[in-house]
Amino acid sequence: MMKLGYLAALTTALLANSVHAAEANSIADAIKNSTVNLDARLRYEMVDQSNALKDADALTLRTRLSLTTATFNGFSGMLEFEDSRDVFEVNDYNNGLGNKPEYSTIADPNTTELDQAWLRYERGMFKGTVGRQVVAIDNQRFVGHVGWRQDRQTFDAVNLALTPMKDLSLNYVYINQRNRIFAEDRDVDSDDHLINIGYKTPLGKLTGYAYLLEQDNGVDKGLDTYGIRFAGGSKMGDTKLNYQLEYATQEEKNGDFDADYYLAEVGANLAMFSVKLGYEVLGSDGGNYGFSTPLATLHKFNGWADQFLGTPAEGLQDLYIGASTKLGMGKFDVIYHDFTADEDVNGDDFGSEIDVSYSMKFAKHYNAGIKYAMYDAGDIKVDTDKLWVWVGASF
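This text gives an overview of the structure that appears in the document. (Residues numbered from 1 in each chain as written. Predicted model: local features only at pLDDT ≥ 70, side-chain atom pairs only at ≥ 80, totals over all residues. Heavy atoms only, no water.)

## Some details on the packing of aromatic side chains
In step 1: As enumerated under the stated definition, the model contains 18 aromatic pairs in all.
In step 2: With a centroid separation of 6.1 Å and an interplanar angle of 10°, the aromatic rings of Phe 230 and Tyr 243 are classed as stacked. Of this pair, Phe 230 sits in strand β10 (residues 222-236) while Tyr 243 sits in strand β11 (residues 239-252), and the two are 13 residues apart along the sequence.
In step 3: Take Phe 230: its relative accessible area is 22%, and that puts it in the partly exposed class.
In step 4: Aromatic pair Tyr 247 and Tyr 262: ring centres 5.3 Å apart, planes at 50°, arrangement tilted. In this pair, Tyr 247 is assigned in strand β11 and Tyr 262 in strand β12 (residues 257-270), connecting sequence segments 15 residues apart.
In step 5: Overall, the relative accessible area of 33% leaves Tyr 247 in the partly exposed class.
In step 6: Site record: aromatic cluster; members linked through ring pairs are Phe 142, Tyr 209, Tyr 211, Tyr 261 and Phe 291.
In step 7: Against the face of Phe 308 rests Lys 381, its NZ or CZ located 5.5 Å from the ring centre. (Phe/Tyr/Trp six-rings, centres within 6.5 Å; stacked < 30°, edge-to-face > 60°. Helix = DSSP H or I, 4+ residues; strand = E, 2+ residues; numbered from the N terminus. Buried < 20%, exposed > 50% of the residue type's maximum accessible area, 1.4 Å probe, protein only. Lys NZ or Arg CZ within 6 Å of the ring centre and 35° of its normal.)

## Section: the pairing of strand β14 (residues 316-327)
In step 1: With ten bridges joining them, strand β13 (residues 273-282) and β14 adopt antiparallel strand pairing. Directly across from Val 275, in β14, lies its bridge partner Ala 323.
In step 2: Examined bridge by bridge, β14 and strand β15 (residues 330-340) share eleven bridges and lie antiparallel to one another. Residue pairing for β15: Thr 325 is matched across the bridge by Phe 332.
In step 3: In this structure, the hairpin formed by β14 and β15 is closed by a connection of two residues, where Gly 328 is found at a positive phi of approximately 65°. (Pairing = 2+ DSSP bridges.)

## Focus: the environment of Lys 361
In step 1: Position of Lys 361 relative to the elements: it lies in strand β16 (residues 349-362).
In step 2: On the basis of relative accessibility, which here comes to 71%, the residue Lys 361 falls in the exposed class.
In step 3: The contact partners of Lys 361, leaving out residues within four places of it in the chain, are Met 329, Tyr 366 and Asn 367. (Contact = heavy atoms within 4.5 Å.)

## Quick notes on the layout of surface pockets
In step 1: By volume, the largest pocket amounts to about 1300 Å³.
In step 2: As for the largest pocket, its lining consists of 46 residues, and the residues nearest its centre are Lys 276, Lys 300, Trp 304, Ile 335 and Lys 371.
In step 3: For the lining of the largest pocket, the secondary structure elements donating two or more residues are β2 (56-68), β11, β12, β13, β14, β15, β16 and β17 (366-376).
In step 4: Among the residues making up the lining of the largest pocket, the classes are represented as 15 nonpolar, 18 polar and 13 charged.
In step 5: Within this model, the second largest pocket holds a volume of roughly 1000 Å³.
In step 6: Taken together, 46 residues line the second largest pocket, and the ones lying closest to its centre are Arg 180, Pro 294, Leu 298, Leu 309 and Gly 310.
In step 7: Grouping the amino acids of the lining of the second largest pocket by side-chain chemistry returns 21 nonpolar, 14 polar and eleven charged. (1 Å grid on protein atoms, 1.4 Å probe; cavity = no way out; pocket = protein on both sides within 12 Å on 5 of 7 lines; lining within 4 Å. Points joined across faces, edges and corners; volume = space filled by probe spheres on them. Nonpolar A, V, L, I, M, F, W, Y, C, P; charged D, E, K, R; others polar.)

## So, the environment of Val 130
In step 1: Its location among the elements puts Val 130 in strand β5 (residues 126-133).
In step 2: What makes Val 130 partly exposed here is its relative accessible area of 28%.

## So, empty space enclosed by the protein
It is a probe the size of a water molecule, rolled over the atoms, that shows where empty space is left.
In step 1: Summed over all chains, the structure comprises three cavities of 30 Å³ or more.
In step 2: Estimated volume of the largest cavity: approximately 70 Å³.

## Quick word on the nonpolar core
In a soluble, globular protein the nonpolar side chains are often hidden away together inside.
In step 1: Grouped together as the largest cluster of nonpolar side chains are 35 residues, with contacts concentrated most on Phe 142, Val 143, Phe 155, Ile 175, Leu 194, Tyr 261 and Phe 291.
In step 2: Where this core is concerned, the elements lending two or more residues are β6 (154-165), β7 (168-179), β9 (204-214), β12, β14, β15, β17 and β18 (384-394).
In step 3: The contact partners of Ile 175, leaving out residues within four places of it in the chain, are Phe 155, Asp 156, Ala 157, Ser 190, Asp 191, Asp 192, Leu 194 and Leu 295.
In step 4: Val 47, Ala 56, Ala 58 and Ile 106 belong to the second-largest nonpolar core, a separate cluster that totals five residues. (Core = buried A, V, L, I, M, F, W, Y, C linked by side-chain atoms within 4.5 Å.)

Written out as structure tokens, the structure reads:
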């Protein structure tokens, strides 16, 4: 059975031909309204851990080339290819597939693959997309593209969005393959159903969701999550307040476990600075199972050192405070995390972390940055330092 992504690739090619055929009398307009994009990122990453593993170093180049057709009678299509590989022989690292197990992990394997291939129809209140595509929902805590890694996450999916009235949005996504960040070696056949309903109010957006995940591997390994989220902002004089509140409950079918999720965050823009204070809980079922978000952009949460990409069975509580400000041509960010177990089984101190970064955009098409994460271990894990330096371009 042909995968949705490759079916959409063929359909997109046919669509592109139909566009040019339909615009035969106006080739200039057809070219003008179609777009080709090139995006590249050269990045150095270093990992130093206080264990027996050797320090890891990687210099990798990620390149994406995409073609997006003009819209014709409501239809449009996209083809995008992605290449990621180490360069200049700076490749002393475990790429996550076990190539050099004596080194710490930097999850950027060499790969060339079809990143996106979709056909879209959009008319009035409806938008439908079929094929290989990026799916990013809300703040990407549950479903995202993992764009920090060089090989980002996409999905072979049918994505249907409906806006029946001004402030109401309905979104349903069916996924039959998760194209993960490890080239094609760890892609997962799935039978996932994602439902997200949002309503905008004057104070923020209220969202209800159901994410019903099932690996299509002959094993009953389902993960059903139901939740509600409220996120928005308001002004208090010259100060802008931002806030997030979220609750979800989860059932893990294979082991018959249940766990809950909580998030409370408040932030403010104060003159030159933006500050935030948050508390996130990925709950535990008696120390036997931790709340899981396997489709999330995990690097965005619980520290940039990536020590909690998988929630420990004891669960995780993350109390964090952050600040950011404009500095020179760019932006400076600092975040502090204090980690504890949700269930104290063999000690509840899960360590702490300090994250700092400076990033900027310049000369219209370019960007650069430096980022550092320092994790101080507690009752689990080991001390971990990570450093990234990058430069990127987009045309």
